[in-house]
Amino acid sequence: YGRGQHFSLCVCVQEVDANNIHTIIEFFDVLCYGKGSCILRMLNHYVGEERFRNSVRAYIRRHAHGVVTKEDFWRAVEEETSVPIADMMALWIQQSGFPVVTVTALSAHELEIVQTPVHDLNGPNTTWTIPMRLRFITDTANEAMEFVLSTQRRVLRLPEHLSLTDPTLLFNANDEQTGYYVVNYASDLLWSAVMRGIFNNQ
């Protein structure tokens, strides 16, 4: 995985028993590869691009010409990065769909963040472990806040120099679109900050 090399890794939407060619064709489709690539991109940003590349190189060297499982790849990432990701990734693989993250302004310095499944196939209380990065841009600041949302609800306190009522604020709850989740901005205050960012090409 480096200059002049190509690497393909399929992380399927859901675990399935593929005992024949018809099952393989049915499940390993565009949706499977699409979600898999999005999850890997999210993981790449979570652990850091260079460390993720090193993990891929170690994985390929160790398992060249062998039969592997997804757990082998998660293990390689954990060993190279010292970041425990296996349990987090299992939720993304074993559960269908993806989360909708609703962000609400509780005050000028507090955000409520709630995750819900896009559908109820896994149950209405389904949760994922979601690496999140929020971007705040004002006339005097350009900052990202990174954290992992592992519960259904979290209240996030902003530093005093960042205010959701700042008329120059540009806000994005999925910075660079690296997270595999959809954002629902549930406050007019936040929508205004999002729209300012769009009109300013941020």
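Visitor: Just give me the short version of the environment of Arg41, but keep the residues and values in it.
Guide: Here Arg41 shows up in helix H2 (residues 30-47). Take Arg41: its relative accessible area is 39%, and that puts it in the partly exposed class. Measuring from C-alpha to C-alpha, the distance between Arg41 and Gln177 comes to 9.8 Å, with 136 residues separating the pair along the chain. Residue contacts for Arg41: discarding those within four places in its chain leaves Glu176, Gln177 and Thr178.

Visitor: How would you explain the packing of helix H4 (residues 70-81) against helix H5 (residues 86-94) if you had to name every residue and give the values?
Guide: Their axes nearest at 10 Å, the elements H4 and H5 cross at an angle of 145°. In the packing of H4 onto H5, the handedness of the crossing is right-handed. Note on element contacts: H5 touches H4 through Ala86, Met89 and Ile93, opposite Lys70, Trp74 and Glu78. Taken together, the residues that form the contact of H4 with H5 break down as 4 nonpolar, no polar and 2 charged.

Visitor: I'd love a proper account of the side chain of Ser163, names of residues and values included.
Guide: Looking at the secondary structure, you find Ser163 in the loop between strand E5 (153-157) and strand E6 (170-172). Note on Ser163: relative accessible area 18%, which makes it buried. A distance of 2.7 Å separates the side chain of Ser163 from the side chain of Thr165, its partner in a polar contact. Once residues within four sequence positions are removed from consideration, Ser163 is found in contact with Ala108, His109 and Leu169.

Visitor: Run through the nonpolar core, naming residues and quoting values.
Guide: In this structure, Leu43, Leu111, Leu134, Phe136 and Phe171 are the most contacted members of the largest nonpolar core, which totals 46 residues. Counting residues per element, this core draws most heavily on H2, at 5 residues. Excluding residues within four positions of it along the chain, Leu43 makes contact with Phe52, Phe73, Trp74, Val77, Ile85, Met88 and Met89.

Visitor: A description of helix H6 (residues 188-199) should follow, citing residues and the corresponding values.
Guide: An α-helical segment advances 3.6 residues per turn. Residues three or four places apart therefore align on the same side. The end-to-end C-alpha distance of H6 is 16 Å, a good match for the 16 Å that 12 residues give at a rise of 1.5 Å each. For H6, every residue scored as buried is listed here: Leu190, Ala193, Val194 and Gly197. Buried residues in H6, looked at end-on, bunch into an arc of 100°, giving them a common side. Across H6 from its buried face, at more than 90 degrees, point the exposed residues Asp188 and Phe199.

Visitor: Quick one: what's the story with the pattern of salt bridges, residue by residue and with numbers?
Guide: If you walk through the whole model with that rule in mind, you get 10 salt bridges. For Arg75, the salt bridge identified is with Asp72, shortest N-O distance 3.0 Å. On the criterion of helical spacing, the pair formed by Arg75 and Asp72 is a turn pair, its members being 3 residues apart in helix H4. Relative accessible area serves as the criterion here: at 40%, Arg75 is assigned to the partly exposed category. The salt bridge partner of Asp175 is Arg133, with a shortest N-O separation of 3.2 Å. In this pair, Asp175 sits in the loop between E6 and strand E7 (182-185) while Arg133 sits in strand E3 (residues 130-137), placing the two residues 42 residues apart along the sequence. Here Asp175 matches Arg133 in class, with each residue buried. Among the charged side chains, a salt-bridge network with shared partners connects Arg133, Arg135, Asp175 and Glu176.

How each quantity is defined
- Residues numbered from 1 in each chain as written.
- Predicted model: local features only at pLDDT ≥ 70, side-chain atom pairs only at ≥ 80, totals over all residues.
- Heavy atoms only, no water.
- Helix = DSSP H or I, 4+ residues; strand = E, 2+ residues; numbered from the N terminus.
- Buried < 20%, exposed > 50% of the residue type's maximum accessible area, 1.4 Å probe, protein only.
- Contact = heavy atoms within 4.5 Å.
- Axes fitted to C-alpha atoms, helices over the stretch in contact; angles between N-to-C directions.
- Left-handed = near helix turned anticlockwise from the far one by under 90°.
- Nonpolar A, V, L, I, M, F, W, Y, C, P; charged D, E, K, R; others polar.
- Polar contact = N/O pair within 3.5 Å; in protein donor to acceptor, adjacent residues only side chain to side chain.
- Core = buried A, V, L, I, M, F, W, Y, C linked by side-chain atoms within 4.5 Å.
- Expected span 1.5 Å × (residues − 1).
- Arc of directions from axis to C-beta.
- Salt bridge = Lys/Arg side-chain N within 4 Å of Asp/Glu carboxyl O.

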